[in-house]
Structure formats: structure tokens, C-alpha cells
Amino acid sequence: MPFTTGTEWDLIFEESNMYIVPGAHLYVGNKGKGVFESCFRSMAIPVKLPENFWKLSLPERRIILFEEVMLNYIPHEIISENDLIAGGRFHTQLSKCFTKKEANQFWKKNLKIRKAVFKFHHSGFGNLGAVGGHIIPDHETIIKKGFEFVYEKAKSRYEQLNKKEKEGSKGQEILAMIRAAEIPRKLAKKYAEECLRLKEEASTPDRVKELEEMAKNLEHVPWEPAETFWQGIQALWLIHMLTISEESYPGAGTSFGRTDQYLWPLYKKDVIDEKKITKEFAKDILGSFWFHCNTVYDAQIMVGKQGITSGFGQLMTLSGCGPNGEDLTNELTYTILEVVDEWSPILEPKPNIRLHRNSPDKLLDKITNMISRSQGAPFLINFDERAIAGLLEEGIIREEAWNYACVGCLENTMQGNDRSGTVNCNPNLAKSIELTLWNGSNMPGNFEKPWNKDGEQFGPKTGDSNNFKTWEDFWNAWQAQMKFIIKYTIDVYNISELLRAEYIPTPYISTLVRGCIEKGLDVRKGGPELRFITIEGVGFATTVDSLLAIKHLVYDEKKYTITEIKKALMNNYKGYEIMQTTLRNKAPKYGNDDDDADELAKNVMKLWADETWKYKTPNNFQYRPGMLSWNYWAGADARFTIATPDGRKAGTFLSNAICPSNGVDKKGPTAVTNSVGIALGGKTDSGEYLNFLPNGASHTITFNPSIIKDPENKEKFKSYLRGYVENGGTCLQVNMLDAELLKDAQDHPENYKDLLVRITGYNAYFNTIGRELQDEIIARESHKI
């Protein structure tokens, strides 16, 4: 539902949210002329505003419109007769509340940014943009203390300001936050009134009691601390849906954090200690929550199949270690896993289970049994020791790092005080090979008007690669080009980040991130205690394998020259098929526990990760490295990547995140696991974990479902998970795929409407993804235990 202030210059759709989705670039246009913006403008509902509206600051204008929309324009619906959680419609596209002067300034800056971002993408460097969502609000504080606590904290902070500060931007920001902190109470009251209205129409005495209790819950939370498990779940949902509503971001990645930890005291009291409700009724409450999480797709199902590929990433982190390595699995952990199991196959929320050295056998048994009968992957598996090592690298102290959780697809952040921009920058690492071979410019013939020119110089001139005499010459040139790619990514991204910070404040979300009230700064302006922007490298194994091929076949064995390699790439291996086969099969490949290959992979990883740490945004967000890849490896980035020296043809899939390239890992899952762990840093001589990527790294591995059906192989799989804790990466996604079943689903899609597959960090319905990606999934190597 779009809403407008009614001015002719109003802006409703924030296009920068879609810059990281290159398929949407076609639909943006200047000053409201793009498809998305013009459609929203034509449908937008004018909002009645107070007389002094245009005299207020932008943050105050934004929160007044948000409050008015949520309280007086969005319908307050209880979705079904069985629903136990209030909070129905919440998808919005909200006016940015610009004055005419602000609108003109915004569009002038935005056009410059768009040109820079589109040139970056169409030149094969990847994609980037200042994106919303991908955050864990401070759910725990609201559930334990209520929004009243936040409201009083904001009021107290405002009173501490001097007269000049109150009249300046700091005072304006805090006044907006004070107003924002009251919205959940007012909205809950509206829903309580709806529950009492429906009570009069209820068809059974049981439903009357449920609606009465729901109304009582809403009169209490989220303004006051939750006193029951039911109230805790209700508060959690209202916090969450308002976060999505304020940002108007269709693909939120807004996540719940360690739900089984902060809700455990309420569950224990109600279900175990005082037996106020049964476990089955607690599961019914959770079931309603699960249902609501999937209503995020309601607004998108209307647009063909777009949006059903599970782009929302509402992650829920379960289990994991405590501050001293002790296991924190509890009965709520298992209850939630039962709900996951019973609701499968379903897209949201996405569970992420944290494993570690002290994870109990009972949990591993549960995981193994769920995986053995799953479609796609029922959850992600995070590995604490490696993940925490990465968080320590970014300066988080050990006494706090254990309490991390995951957002979006799998990205590691802290809870309630962290904004890490986890999908904002996605450079194509494989571009470094092209720049190295052609002295910092695009390969001749590789250009796309109007975005770049034939042979355009991008990177530094590192010398004619035909004249490189040694591998060290090539490696040094490659390092310079990789450093350029990181710097180019940052230079383009910074202007997008600054525009968002200046023009699109989010006062409500700022109340939910520690540091914002204290500083009087919006979450987008540098308010959070922890501030990062993540650079997610794409095409890692493609890059490593290309370097390995050049080192082995050009400089070590001298089978080919650089000139011959370049000619083959320019011809996309047409006429060079024997060379292509040799490059594919006779050079070492990452992912086989090969010491030389893994050492080079580790050096590549360290180089670009170290380079990332050198930079901050102008509004003081630290850049950090990660490796997610989303689906860019299969489409957006692959399209603009020339043929590569690993034998890959132009335009075909790149490698996925930290995974080996498809089909090259020949030595089984343990070998792949060891390679992944070494690439991330391995361990010190004393056995301490190292991790170059604090954001985490996506590792998807495929098994045939038949191999873990019997008890013996289930035990082997548990042992594999234990081994992954010791030697693997930060995050594993296990795809259970039967290739013959998937081929039948291609031929008879009507019989497989609910078939889920794991892509990278998210599940998707098999029939909603393109044929090319379907074929890639079918071609994935299925490993044996």
C-alpha cells in the first residue's frame, strides 16, 4: 500500500534498495518516471497531515506520516479465525516527505549515483547499493523492559541536551524517536479493539476466550514487559512488522536473533514450571507466528512468481554456545524445531542452528533426522568457533562475541546494537583476472554502450601480461588489480550510503538499535554502537582456479603462454576446446584438500579481506569482508564475466560464495570442508581458529537423500558435522537433492508446486526459478558419506 503527502514532487519508491537486484534496474527512472515509482504514485493514498508538518525537520515529518499511516490508514486485521497473533497488513511504500527543495536536491544526487552504480555493474564489477533491512533489532530489551523503557530513555536524553542541541539536528532526531517509541503502544491498542469487536462475532466459546486473551496481551505489550510466552511472541511480531513497514523495503532480511534464548524464561515459566499452557498450545502460538512470517510474500505473489524465491530472509538463530563455550540448547530450541518440521515445506522464518564443540548428541540427532527427510535445506547450520573468531577480528570482545546471531541469508552480526549492511557491496572478484590480463582495462570487445567503451581503462596499468616472465610478476599485477576493485567498490558505494543517510531517516528503527538515542543519531547516520558495511566477494573459486591454471600451466609446466590463454578467452574457447579441457582437468582446483591449491586460496582470501579493512564510509561505518554471493554467481555477475582461465565459458555460472566451482571437487565432502576451513584462515599453530570473513561465508553442499536414511549413515553424518566444527567454515547449507526427481519437476511442474531447493543462503520453490538455474542445481555434485 503506497502513501503520499500529496505534493507533485513527492517520492515514494526508494530505488537504491533495488540497485543490488540488477534485474530491477530496468524499472527505475528519473523524477518519478520509472515503472515502480510511477505505479506507486498512481496508486498512492494521500495522507492527512498536521498544519505545521512542513515546518518540521525531515525525521519528524517521516515519523508523523508513518504514525498516521499505521494507525489510521492501514487496516487492522486479524487474519483468520484460528489466528493467535495480531498484526496483519504491513507492506508499505511510504512518502519520503521531501520539501520541493529537498526533492530537487535528492534527484540531482541520485542521478549521479545511479549512473555510477549502473556503470559499475554493466562493466562487470558486480553490484552495490545502500539497502534496507538486514538487521536484528533489540527484541530482547523490548520483551524484557517494554517500549516504555525506550520512550523514557529518549525523553531523558532529550532533556540532557542544551538549548542549541535541542534546536539542532540532534534534538530533532531524538524528538522523532520519542514519537516513534509510542507508535507500538497505539497500534497494539487498535488491534486490541479489533479483537474485542471480533469477540462479539466469535462462533465458539474457545474463540471468545482466545480473542479476550489476545486483547489483554495487546493492552500490555509491547509497551510493557512481556509476562507470558504468548505476550512475548505477540511483542516480537509487532516489533518486526513495524520495522518492515517503516523501511518500505521489499526483501527485508530483518531477523529475530537468538529467539530461543530471550524467550526461554517466559516459555519455561508458562510451559514447564507453572504449566499455565501446554506445550501443544505453545506450538500453536508459534504456528501463528510462522504463518505471519510468510505473509511477507502476500504483496508479491500478485506479480507473477517474483518474490516467492524467499528473498525476505527472516532468520531465527537457535542453540549455540554461551560465554564459556557451554551449550545453551533448551527445551524451547527443540519445540521450535518441531514447529519447523511440522510446517515444512515453508519459506519463513529461516532457522539458523548454531553448532559448536559442546553441542549435545540430542540436537545433532534432531538435525540429522530433519535433514534426512527434508526438501532443500530446512535450516542453515552455523559453526560457533569459526564464526566467533571472525567477530573478534572486527573488534568485538570475546565476552560479547558469543552472543552473535545471523541476519538475511546467513550473515553474522550482533543483536540490537549493530547495523552491518550485510548485502550492500557485491564485487565480482573474477573481474580481477580480466584486468590483470589486459593491463587494467576490459578485454577488447567486452563492452556495453552507453556504460563503457571498448578497451576502457579501469584499473592501474600493471604492465603487458604477455611480458610477465614469472608467476611472481603475474601475482603482483593481480594483487594491484584486486586492490583496485575493492577501492572502486568503496568509492561508488560511499555516495549511495551518504544519500540515504541524509535523506531517508528511520526514527522507529533507531529506537531499536542501541547507540542511536544516546548519540542523537539515526541508525543510518552512524547511531549504532557497531557500524559496518560488508563487502561480499563473488566468484571466489572461479578466481582461485583461474590463478591456479595460469600458475600451473603457464609458469610451472610452460604448456601455454599468456598470449595463447588470452586468445582462447577472446574467442570464448571456440577453436581452443583442447586447451579448455586441459585447463579444466589438468590444473589444481580449490576444494580437494590440495595443499598448494588451498594455500593459494588462503592468500587470495587474505589479500582482498585485508584490503577491505582499510576503509570506512564518510559517515563512519567500517568496511568488513564476507562471502555470500546471493544468486549473482548464477546471473547478474556471470552475464558480464568473460571466459576465464579455469575453462569456464563467458556468461556461464561463476562459483557460488566459498564453494568450489561446480564439478571440480572430486574427493568428497571432507576434502571440501578442509579446503573451506583453510581458505578462511585455518588455525594457528596453537589450534586457535582464524577467520578472515567476520560476516560469514556461504557453503552449500549437496547429498542424495537416500544416503542418510539408515542409522549407520546418520551416525556418519553426525560425525561429519562434528568434523565441520573442527575444520570447516562458518555456515553450511545441506541440500538434499535427487536429480531424477528434479528433472521430473521440470517436465511436470504442476506436480511439484511445494518442492524446495537451497540456492545460496535461502530456499526457493524449484518451479519459481529460471530453467538455467534449475539446470545448475541438477548438475551439482551429490556427495557420498
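Residues numbered from 1 in each chain as written. Predicted model: local features only at pLDDT ≥ 70, side-chain atom pairs only at ≥ 80, totals over all residues. Heavy atoms only, no water.

Peer 1: Teacher, can you tell me more about the confidence of the model for the chain here?
Peer 2: If pLDDT is low for a region, its predicted coordinates should not be looked at in detail. Summing up the model confidence of the chain, the mean pLDDT is 92 and the portion of residues at 70 or higher is 96%. The low-confidence segment residues 301–309, where pLDDT is below 50, has 16 contacts with residues more than four positions distant or belonging to other chains. (pLDDT = per-residue confidence, 0-100. Contact = heavy atoms within 4.5 Å.)

Peer 1: Please clarify how the nonpolar core should be interpreted in this entry.
Peer 2: Soluble, globular proteins show a tendency: their nonpolar side chains are buried together. Counting 203 residues, the largest nonpolar core has Phe229, Leu355, Tyr508, Phe540, Met605 and Met627 as the members making the most contacts within it. It is helix 19 (residues 471–503) that contributes the most residues to this core, 15 residues altogether. Ranked by size, the runner-up nonpolar core spans 43 residues in total, among them Ala387, Ala430, Val538 and Leu773. (Core = buried A, V, L, I, M, F, W, Y, C linked by side-chain atoms within 4.5 Å. Buried < 20%, exposed > 50% of the residue type's maximum accessible area, 1.4 Å probe, protein only. Helix = DSSP H or I, 4+ residues; strand = E, 2+ residues; numbered from the N terminus.)

Peer 1: Sorry, what's going on with helix 28 (residues 711–727) here?
Peer 2: Given 3.6 residues per helical turn, the α-helix brings residues three or four places apart onto the same face. If you check helix 28, its first and last C-alpha atoms are 24 Å apart, about what 17 residues at 1.5 Å a residue would give, namely 24 Å. Every buried residue belonging to helix 28 is among Asn713, Phe717, Lys718, Tyr720, Leu721, Tyr724 and Val725, and all of these are buried. In an axial view of helix 28, the angular spread of the buried residues amounts to 155 degrees, which keeps them on one side of the axis. Opposite the packed face of helix 28, turned more than 90 degrees from it, sit the exposed residues Pro711 and Glu712. (Expected span 1.5 Å × (residues − 1). Arc of directions from axis to C-beta.)

Peer 1: Help me out: how do you make sense of the pairing of strand 7 (residues 380–383) in this one?
Peer 2: Along any regular strand, the residues point their side chains to alternate faces of the sheet. Side chains Leu380 and Asn382 of strand 7 all project onto a buried face; the interleaved residues Ile381 and Phe383 project onto the opposite face, where all are buried too. Bridge analysis of strand 6 (residues 350–355) against strand 7 gives four bridges, and the strand direction is parallel. For Leu355, the partnering residue across the bridge sits in strand 7 and is Phe383. (Pairing = 2+ DSSP bridges.)

Peer 1: Quick question: what am I supposed to make of the side chain of Arg157 here?
Peer 2: Position of Arg157 among the secondary structure elements: in helix 5 (residues 147–159). For the buried Arg157, no salt bridge is present, and the opposite-charge side chain at shortest range is Glu165, 5.7 Å distant. When residues no more than four places from it in sequence are discounted, the contact partners of Arg157 are Lys170, Ile174, Ile517 and Glu518. (Lys, Arg positive; Asp, Glu negative; His and termini not counted. Salt bridge = Lys/Arg side-chain N within 4 Å of Asp/Glu carboxyl O.)

Peer 1: Would you explain the packing of helix 7 (residues 169–199) against helix 9 (residues 229–247) in this entry?
Peer 2: Packed helix pairs are specified by the crossing angle of their axes together with the interaxial distance, meaning the distance between the axes. Contact geometry of helix 7 with helix 9 gives a least axis separation of 11 Å together with a crossing angle of 115 degrees. One element, helix 7, and the other, helix 9, form an angle in the roughly perpendicular class. The crossing of helix 7 and helix 9 is right-handed. Together, Ile183, Pro184, Leu187, Ala188 and Tyr191 of helix 7 and Leu238, Met241 and Leu242 of helix 9 make up the contact between the two elements. (Axes fitted to C-alpha atoms, helices over the stretch in contact; angles between N-to-C directions. Parallel < 35°, antiparallel > 145°, perpendicular 65-115°, else oblique. Left-handed = near helix turned anticlockwise from the far one by under 90°.)

Peer 1: I would appreciate a short explanation of the sheet that holds strand 2 (residues 45–46) in the present structure.
Peer 2: What holds strands together in a sheet is hydrogen bonding between their backbones, with the strands either parallel or antiparallel. A sheet is described by the order of its strands in space; here three strands give the open sequence 2-1-3, paired in parallel fashion. Looking at which strands have only one partner, the edges of the open sheet turn out to be strand 2 and strand 3 (93–94). Pairing analysis gives two bridges linking strand 1 (residues 2–4) to strand 3, with the strands arranged parallel. Its bridge partner lying in strand 3, Phe3 is registered against Leu94.

Peer 1: Quick question: what am I supposed to make of helix 24 (residues 577–585) here?
Peer 2: Within helix 24, the full set of buried residues consists of Met579, Gln580, Thr582 and Leu583. Buried residues of helix 24 fall within an arc of 165 degrees about the axis and therefore sit on the same side. Away from its buried face by more than 90 degrees, helix 24 exposes Ile578 and Asn585. Buried residues along helix 24 sit against helix 22 (540–556) and helix 23 (562–570).

Peer 1: Would you mind going over the side chain of Glu182 with me for this structure?
Peer 2: Looking at the element boundaries, Glu182 is found in helix 7. Here Arg185 takes part through its side chain, which lies 2.6 Å from a polar atom of the side chain of Glu182. Other than its neighbours up to four places away in sequence, Glu182 contacts Tyr151 and Trp223. (Polar contact = N/O pair within 3.5 Å; in protein donor to acceptor, adjacent residues only side chain to side chain.)

Peer 1: Got a minute to help me understand unusual backbone geometry in this structure?
Peer 2: Note: most residues except glycine have negative phi, and most peptide bonds are trans. Here the amide bond leading from Val221 into Pro222 is cis, since omega sits at 5 degrees, within 30 degrees of zero. Summarising the element assignment, Pro222 is placed in the loop between helix 8 (205–220) and helix 9. With an omega of 0 degrees, the peptide bond between Lys449 and Pro450 qualifies as cis. As for its placement among the helices and strands, Pro450 is situated in the loop between helix 18 (431–437) and helix 19. In this structure, His134 is a non-glycine residue whose phi angle is positive, near 50 degrees. Considering the arrangement of structural elements, one finds His134 in the loop between strand 4 (126–128) and helix 4 (139–145). Overall, His134 belongs to the buried group, its relative accessible area being 9%. A positive phi angle is found at Ala657, which is not glycine, with a value near 50 degrees. Here Ala657 shows up in the loop between helix 26 (636–639) and helix 27 (669–679).

Peer 1: Explain the pattern of salt bridges here, please?
Peer 2: In a structure, side chains of opposite charge can pair up when their charged atoms sit close to one another. Overall, the coordinates contain 50 salt bridges when judged by the stated rule. Here Glu274 and Lys276 are joined by a salt bridge, their closest N and O atoms 3.2 Å apart. A salt bridge links Glu342 to Lys283, with the shortest nitrogen-to-oxygen separation between them at 2.7 Å. Here Glu342 is found in helix 14 (residues 331–343), whereas its partner Lys283 is found in helix 12 (residues 279–294), with 59 residues between them in sequence. Judged by relative accessible area, which is 8%, Lys283 ranks as buried. Several salt bridges share partner residues, and in doing so they unite Lys279, Glu280, Lys283, Glu338 and Glu342 into one network.

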